[in-house]
Protein chains: 2
Amino acid sequence: MKLPLGYRYAAVYAGIRKDERDDVALIVSDPPAQAAAVFTTNMVQAAPVRQARSNLRSTRGRVAAILVNAGNANCATRTGDRVTLALCKAAAKALKTRKEMILPASTGVIGVELDPKPLLDAIPKLTAALSPSAFESVARAMMTTDTRMKIVSRELQLGKGIIRIAGLTKGAGMIQPNMATTLGFVLTDADVPAKQLREILSRAARRSYHSLTVDGDMSTNDTLALLANGAAGVKPHRDDLQTFSAAVTEVMESLAEQIAADGEGAKKLIVVRVTGFKTEEDARKVGRAIANSPLVKTAIAGSDPNWGRILSAAGYSGISFDPRDIDVYLQNVRVCQRGLAADYDEDQLKSRLDESEVHIRVERQGRGKGQARFFTCDFTEDYIRINGSYRT
Amino acid sequence: MKLPLGYRYAAVYAGIRKDERDDVALIVSDPPAQAAAVFTTNMVQAAPVRQARSNLRSTRGRVAAILVNAGNANCATRTGDRVTLALCKAAAKALKTRKEMILPASTGVIGVELDPKPLLDAIPKLTAALSPSAFESVARAMMTTDTRMKIVSRELQLGKGIIRIAGLTKGAGMIQPNMATTLGFVLTDADVPAKQLREILSRAARRSYHSLTVDGDMSTNDTLALLANGAAGVKPHRDDLQTFSAAVTEVMESLAEQIAADGEGAKKLIVVRVTGFKTEEDARKVGRAIANSPLVKTAIAGSDPNWGRILSAAGYSGISFDPRDIDVYLQNVRVCQRGLAADYDEDQLKSRLDESEVHIRVERQGRGKGQARFFTCDFTEDYIRINGSYRT
């Protein structure tokens with residue numbers, strides 16, 4: 001894995017989780033990075049989200065380190081703001097930077113006070129353990145109900161030289177467009193100013209994390225950050241910026257896909273593609289309704305080509321259309337033509353629906369150019385098992 | 001059970017279902033009734049929905065009979081309109097009325113052609129079997145994944161005499177505000193003109209069926225009709241109309257509750273009450289987000305007082321509020337006070353969450369008068385089992 005230059009990583013077990021797995025991690029950028037971030041739009045926001053937002057504002061998009069813990073969301077807690085501030089201060093002191101240069105993030109249960117003591121004790125251990133190769137240990141430390149770590153990296157030849165992009169993320173449930181119990185960090189050694197990072201992140205998020213849904217729930221802690229520390233000594237030209245932006249989007253699409261594929265209890269990744277609607281926004285609404293429909297997702301779990309549920313979900317998306325203009329494809333097999341059952345071999349299709357990746361395509365006939373893609377997963381009994389006893 | 005005068009009922013097995021249970025039913029009103037109905041707002045509408053709408057328009061709200069089949073939704077079918085029309089004609093002929101006086105309704109799988117032959121053959125059997133006491137057999141014939149029939153009746157003393165109201169309904173999955181795979185019929189022997197029935201139905205639907213969600217899915221076949229045949233010889237006075245309207249609302253609330261309690265795989269009825277928001281519409285949005293949240297519903301399934309998920313669902317409802325104004329109650333126990341964990345006995349509360357009816361209350365402090373109530377159910381592994389193999 002080719003990692004971007006100028007980043008060091010560490011993860012340790014502080015004692016927040018019940019089981020002894022690393023639960024706190026640090027990513028340090030040398031030199032400090034330009035940064036952009038998007039956060040949950042939930043009215044209920046965790047203390048670290050508020051703090052991260054305020055820190056980024058006061059530094060105008062500069063980040064020296066990301067401090068992240070799992071096992072406790074530090075949300076709806078009496079002491080939340082104080083605890084987050086203390087952690088930022090301690091990390092800043094250890095790293096000889098200002099507290100505003102720390103981007104804090106938490107994930108885990110809501111409404112339980114987060115004891116700062118074990119985390120404060122862990123900070124010297126973290127800084128001592130920092131290493132350029134411990135990338136995966138951070139990805140693992142962030143996991144909650146995730147069954148596997150989610151990472152991706154890319155090397156890119158630009159006009160002025162080679163740059164690298166790496167992404168790591170967590171998230172399995174409570175995931176829905178406009179974010180999730182998702183933490184996602186994308187790191188690059190290219191030299192890109194914060195203002196451009198914000199534009200690139202916003203576009204990339206729309207095509208990746210904001211096109212992702214597991215269960216229609218949206219969390220209080222979602223944080224997605226893009227850091228560029230310039231350690232490669234390459235400042236993308238205007239033409240290169242588009243290449244760079246496309247690569248960031250690909251990285252984030254890969255992360256979003258990995259989250260969907262690891263959706264709580266999921267056996268299958270579902271990719272929903274919608275074309276031919278008037279606008280992209282219309283296509284997104286249709287795609288989101290399908291990707292969020294428990295009936296569609298349970299049908300896919302059962303390898304049942306029940307296209308009526310797909311058509312019906314499109315029908316209640318709030319977007320107006322004539323069902324007689326709609327074709328539906330499952331695994332590239334047309335199952336619904338002009339709103340009616342198409343001819344297809346049901347047994348053959350059923351066995352193709354057993355694959356680990358299922359493609360749903362809804363095509364509206366006509367001249368509409370609006371299209372969208374959503375990532376989701378099938379809905380199995382394990383989702384219920386996982387979520388019925390999360391805290392116990 | 002005190003049933004309204006002037007209605008006769010019949011149900012038989014026509015052969016639409018695979019298992020030999022009654023799958024077609026007839027409700028006849030003598031004399032023909034004044035009627036109002038609300039239908040699914042899904043863009044994809046079943047043929048019987050289109051026909052019923054058009055029939056009611058052409059008769060200006062008069063219905064002689066309701067013809068309903070289970071096992072096939074007659075939706076997204078090539079021959080749907082023709083089949084529905086043929087059925088209306090045949091029923092009208094047998095009952096010596098006009099085809100527009102028949103209200104057709106279907107429920108079952110989408111996208112499979114409905115063979116009219118067995119239904120046409122069943123019509124003489126239905127008319128021969130008509131009886132004023134076969135009410136429950138119709139409620140049973142409508143059932144699909146329902147585990148029990150859903151009926152209610154009420155007798156009411158008005159100024160001018162006694163009237164009766166009876167309701168029967170079906171629905172278990174694919175249920176969401178603004179309707180469901182729900183068929184609901186409310187019959188009264190009061191004498192109320194169609195225009196007033198429409199107002200009464202609209203108000204009552206808002207407080208019952210439109211405040212009901214099982215899985216966030218909305219079907220193509222939802223039909224809810226209110227019939228008044230005047231057979232009691234009592235025309236409610238202006239003052240009595242309010243009493244009558246309240247009774248219709250109660251009947252429909254009971255039906256909606258019965259549907260939620262029988263939600264696919266559900267072990268528990270969940271009643272969500274939201275108070276203190278600016279408007280009723282705001283409170284409804286908050287209530288709907290909570291009632292639709294798979295994370296809230298799986299937590300209740302596991303008797304887990306995970307109020308953080310309730311607060312978080314309120315937070316992404318789209319309604320703006322300060323979490324520090326929010327109290328949350330579970331079974332009348334305050335679990336969250338001003339956005340933070342309240343003191344309560346978790347073990348005791350856990351055992352109270354094992355009850356078959358769970359009450360969630362979200363109170364916003366302040367002077368807001370907007371309130372709402374939603375009916376839903378817990379989300380169990382059985383939901384997945386039922387929906388993963390519905391067609392097979």
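Parameters at a glance
Residues numbered from 1 in each chain as written. Chains lettered and ligands numbered in written order. Predicted model: local features only at pLDDT ≥ 70, side-chain atom pairs only at ≥ 80, totals over all residues. Helix = DSSP H or I, 4+ residues; strand = E, 2+ residues; numbered from the N terminus. Buried ≥ 20, exposed ≤ 12 C-beta atoms within 10 Å, placed from the backbone. Domains from an automatic or database assignment. Pairing = 2+ DSSP bridges. Contact = placed C-beta atoms within 7 Å. Axes fitted to C-alpha atoms, helices over the stretch in contact; angles between N-to-C directions. Parallel < 35°, antiparallel > 145°, perpendicular 65-115°, else oblique. Left-handed = near helix turned anticlockwise from the far one by under 90°. Expected span 1.5 Å × (residues − 1). pLDDT = per-residue confidence, 0-100.

### A few points about the overall build of chain A
And step 1. Counting its secondary structure elements, chain A contains 11 helices and 14 strands.
And step 2. Taking the principal axes of its C-alpha atoms as reference, chain A extends roughly 65 × 55 × 35 Å.
And step 3. Counting all 392 residues of chain A, 61% fall into the buried class.

### Let's talk about the domain arrangement of chain A
Much of the literature gives interface size as the accessible area that the parts lose upon coming together.
And step 1. The domains assigned to chain A are domain 1 (7-261) and domain 2 (269-388).
And step 2. Look at where the C-alpha atoms of domain 1 of chain A and domain 2 of chain A centre, and you get two points 32 Å apart.

### Overview of the sheet that holds strand β9 (residues 269-277) of chain A
All names here are of chain A.
And step 1. Reading across from one edge, β12-β11-β10-β13-β9-β14 is the order of the 6 strands in this open sheet, with mixed pairing throughout. Of all strands in the sheet, those with a lone pairing partner are β12 (340-341) and β14 (370-377), marking the two edges.
And step 2. Note: strand β11 (residues 333-337) against β12, 2 bridges, orientation antiparallel. Opposite C336, over in β12, you have A341 as the bridge partner.
And step 3. Helix α9 (residues 307-315) rests against β10 (326-330), β11 and β13 (357-364) of the sheet, and its axis sits at about 130° to β10.

### A word on the packing of helix α5 (residues 194-207) of chain B against helix α6 (residues 238-261) of chain B
Helix packing for two helices is described by the angle between their axes and how far apart those axes are.
Residues and elements named next belong to chain B.
And step 1. One way to put it is that α5 packs onto α6 with a least axis distance of 9 Å and a crossing angle of 40°. The pairing of α5 with α6 is recorded here as oblique in orientation. You can see that α5 and α6 cross each other, and the crossing is right-handed. For the pair α5 and α6, contact is made by Q196, I200, R203, A204, A205 and R207 and by L241, S245, V248, T249, M252 and E253, respectively.

### Considerations on α9(A)
All names here are of chain A.
And step 1. Counting buried positions along α9 yields 9 of 9 residues, so the element is predominantly enclosed.
And step 2. Three or more residues of α9 are buried, namely W307, G308, R309, I310, L311, S312, A313, A314 and G315.
And step 3. Looking at the packing, one finds that the buried side of α9 touches α7 (280-292), α8 (294-301), β10, β11 and β13.

### Some words on the environment of B:E355
And step 1. When you line up the elements, B:E355 lands in the loop between α10 (346-352) and β13 (357-364).
And step 2. Between the alpha carbons of B:E355 and B:K267 there is a distance of 9.2 Å; along the sequence they are 88 residues apart.

### Examining the sheet that holds strand β14 (residues 370-377) of chain B
All names here are of chain B.
And step 1. Judged by pairing direction, the sheet is mixed, and its 6 strands sit side by side in the order β12-β11-β10-β13-β9-β14 without closing on themselves. Across the chains shown, the open sheet's two edge strands, defined by having one partner strand only, are β12 (340-341) and β14.
And step 2. Lying over the sheet, helix α7 (residues 280-292) contacts β9 (269-277), β13 and β14, oriented at roughly 20° with respect to β14.

### Quick word on unusual backbone geometry
And step 1. At the junction of A:D30 and A:P31, the peptide bond is cis and its omega measures out at -5° in the coordinates.
And step 2. Along the chain, A:P31 turns up in strand β2 (residues 24-39).

### Description of the packing of α8(A) against α9(A)
All names here are of chain A.
And step 1. Put simply, α8 and α9 touch, their axes get as near as 9 Å, and they point 160° apart. Taken together, α8 and α9 sit at an angle that is classed as roughly antiparallel. With respect to the hand of their crossing, α8 and α9 are arranged in left-handed fashion. Contacts between α8 and α9 involve L295, V296 and A299 on the former and, on the latter, R309, I310 and A313.

### Let's talk about the pairing of strand β5 (residues 150-158) of chain A
All names here are of chain A.
And step 1. Direction of pairing for β5 relative to strand β6 (residues 161-170): antiparallel, over a ladder of 9 bridges. Directly across from K150, in β6, lies its bridge partner T169.
And step 2. Hairpin geometry of β5 and β6 is characterised by an intervening segment of 2 residues between the two adjacent antiparallel strands.

### As for the environment of B:N55
Residue and element names in this part refer to chain B.
And step 1. Examined against the element boundaries, N55 turns out to sit in helix α1 (residues 47-59).
And step 2. Note: C-alpha distance between N55 and K99 (44 residues apart in sequence) is 8.0 Å.
And step 3. With near-sequence residues (within four places) excluded, N55 lies in contact with E100, I102 and L103.

### Here's the deal with α1(B)
All names here are of chain B.
And step 1. Its 13 residues place the ends of α1 18 Å apart at the C-alpha level, agreeing with the 18 Å of an ideal helix rising 1.5 Å per residue.
And step 2. Of the residues making up α1, those classed as buried are A47, P48, V49, Q51, A52, N55 and L56.
And step 3. Lining the buried residues of α1 we find β2 (24-39), α2 (80-94), β4 (102-106) and β8 (223-228).

### Observations concerning the pairing of β9(A)
And step 1. When β9(A) meets β13(A), the two strands line up parallel, connected through 7 bridges. What sits directly across from A:R273, in β13(A), is A:R361.

### Some thoughts on the environment of B:M142
Residues and elements named next belong to chain B.
And step 1. Along the chain, M142 turns up in the loop between α4 (135-141) and β5 (150-158).
And step 2. We classify M142 as buried; it has 27 C-beta atoms within 10 Å.
And step 3. Spatially, the C-alpha atoms of M142 and A10 are 12 Å apart, while their sequence positions differ by 132 residues.
And step 4. Residues within four places of M142 in sequence aside, it is in contact with A25, V68, A70, T107, K170 and L183.

### Quick notes on the confidence of the model for chain A
And step 1. Looking at chain A, pLDDT values average 91 and 94% of them are 70 or higher.
And step 2. Residue range residues 175-180 of chain A is modelled with pLDDT below 50. Its contacts to residues more than four positions away, or to other chains, number 31 contacts.

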